[in-house]
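The primary structure of each chain is shown beneath.
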Amino acid sequence: MLSHTHGLEERIPDHMLKGHDHLSIIPHHLGNWNAFENQVLLNKRCLNLGMAATRWGRRIGTAAKEELRSKKGARRDSLMAAASRAIAERIPLADLAVEVRDARIPLSSECEILRNYPPSLKQIIALNKMDLAGTSAVKVWMEYFRERNCISCGVNAHNKENIKQLLSLIQRQVSELRGADQCDNNYTATVMLIGIPNVGKSALANALHQVGRISAAEKGKLKHATVSPEPGETKDIRSFKIGSHPNIYVLDTPAILSPKVPNVDVLSKLILTGAIGDFLVRRKEVAQYFLAIHNSCEQYKKWAKLSAKDNDRLFLNGTTETSSGLHMKQRNQIPTDHTQDCIVQGVRRTLFETISSSEGDIRCEDEMEALIARQFSALREAFHVSIECEEDAHDKVAGKLLNLYRTGRLGHYILDHLPRNIQ
């Protein structure tokens, strides 16, 4: 199995861990030419991020590491330690391990516990939340894993057809393991879902259980794993039946993270994607990191049609109104739910206008800081956040912005770099 070293150092207190959730199956073999084209596009995107946002990420990672050092005496949570031991004890007994990773960080979200087991352990890498990373980028990473003899798939747990295809992949692997026992109707296989926090193991377990029962015409009450964005919801290892003939059970396990802190680059990505809670650094700083990434890529150009600059018109919910007419409505009814389409469109428009009107070279750190400061002021209005206290307003803007990023409302992003070119 692929092993990727992150330069681990300090211990992570487990109360920082952040919750659960999200699979579109795509074939894990690509034509070389398509892989090459996708590789070029992905490398271009990573190059942009490397030039403009790496410094911001390291700033976040360094601040988080310093905060961890100040908590060095904190003991690990006994529940996390017990869960880690329980999972380690059961892995050798499992027929198949499905390591669920975040497709936005295919290497940084590796679950280290699997490094200690031999290649004889059958494994699948499920790049979950593929809808947040983008299909072309995920295909390149699947090619990367395929070259290392790793079975991988891109997934989105909320698409039933995708879950059916993942279930078929699991069933094929189990069939290979059965060997001479193909005619044994009592054969039972166990599949373990393993991963760090917030990669979507429980959502995936629920989806596999629901689709598997329907396919097998099973009767009885449907079970549900608890899905939550908060840490610690999955406290026990639970079993869900996902197939018959042969019988296949999937085990949903508590999220586990290494007791050591990754290097600052990996740490910043774990914080930005939500695998580690925002409390180590201020939310405003995490949101600034996201804006540095966003400002360094070309995602904003897709929102040019939302700009109100040329014709003083805004496009909200598929309708068009003059700015004065819209402002009149806003006086009477200001939306407070930042996930509403009209608010999201306004945020996209704000990001487009602030970037496209910037005259400085954002590869310069001072210019990037100035742009981000202007964006925070503009986003406060887009989110309808009161300015009674500037620091509180910035925190609210940051929280809303990070939520939109983490739920895919602001485009596709992949944060890890490919270690080398695909041959």
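Residues numbered from 1 in each chain as written. Predicted model: local features only at pLDDT ≥ 70, side-chain atom pairs only at ≥ 80, totals over all residues. Heavy atoms only, no water.

(A) Focus on the nonpolar core. Counting 82 residues, the largest nonpolar core has Val98, Ile170, Leu272, Phe290, Val347, Phe383 and Leu401 as the members making the most contacts within it. Discounting residues that sit within four places of it in the chain, Val347 has contacts with Leu379, Ala382, Phe383, Leu401, Leu404 and Leu410. Formed by 16 residues, the second largest nonpolar core is a distinct cluster that contains Leu107, Leu127, Ala137 and Tyr144. (Core = buried A, V, L, I, M, F, W, Y, C linked by side-chain atoms within 4.5 Å. Buried < 20%, exposed > 50% of the residue type's maximum accessible area, 1.4 Å probe, protein only. Contact = heavy atoms within 4.5 Å.)

(B) Quick look at the packing of helix H9 (residues 283-296) against helix H12 (residues 365-382). The N-to-C vectors of H9 and H12 enclose an angle of 110 degrees; their axes lie 10 Å apart at closest approach. Put simply, H9 runs roughly perpendicular to H12. In terms of crossing hand, the pair formed by H9 and H12 is right-handed. Residues Lys284, Ala287, Gln288, Leu291, Ala292, Asn295 and Ser296 of H9 form the contact with H12, whose own contacting residues are Met368, Leu371, Ile372, Gln375 and Phe376. (Axes fitted to C-alpha atoms, helices over the stretch in contact; angles between N-to-C directions. Helix = DSSP H or I, 4+ residues; strand = E, 2+ residues; numbered from the N terminus. Parallel < 35°, antiparallel > 145°, perpendicular 65-115°, else oblique. Left-handed = near helix turned anticlockwise from the far one by under 90°.)

(C) Seen up close, helix H5 (residues 135-147). Across its 13 residues, H5 extends 19 Å between first and last C-alpha, which sits within 8% of the 18 Å expected from 1.5 Å per residue. Turning to H5, its buried residues are Ala137, Val138, Val140, Trp141, Met142, Glu143, Tyr144 and Phe145. Asn149 sits one or two positions beyond H5 and adopts a positive phi of about 60 degrees. (Expected span 1.5 Å × (residues − 1).)

(D) Structural view of the packing of aromatic side chains. Here the structure, examined in full by the defined rule, presents seven aromatic pairs. Measuring from ring centre to ring centre gives 5.5 Å for Phe290 and Tyr413, while their planes differ by 80 degrees; the resulting arrangement is edge-to-face. One end of the pair, Phe290, is in helix H9; the other, Tyr413, is in the segment after helix H13 (390-406), with 123 residues separating them in the sequence. Both rings, one in Tyr300 and one in Phe352, keep their centres 6.0 Å apart while their planes meet at 35 degrees; by these two values the pair is tilted. Linking Tyr300 in the loop between H9 and strand E7 (313-316) with Phe352 in helix H11 (residues 341-356), this pair joins segments that are 52 residues apart in sequence. Overall, the relative accessible area of 14% leaves Tyr300 in the buried class. Of the aromatic side chains, those joined through ring pairs into one cluster are Trp141, Tyr144 and Phe145. The ring of Trp56 carries the charged tip of Arg59 above its face, separated from the ring centre by 4.4 Å. The ring of Phe376 carries Lys284 above its face, with NZ or CZ at 5.8 Å from the centroid. (Phe/Tyr/Trp six-rings, centres within 6.5 Å; stacked < 30°, edge-to-face > 60°. Lys NZ or Arg CZ within 6 Å of the ring centre and 35° of its normal.)

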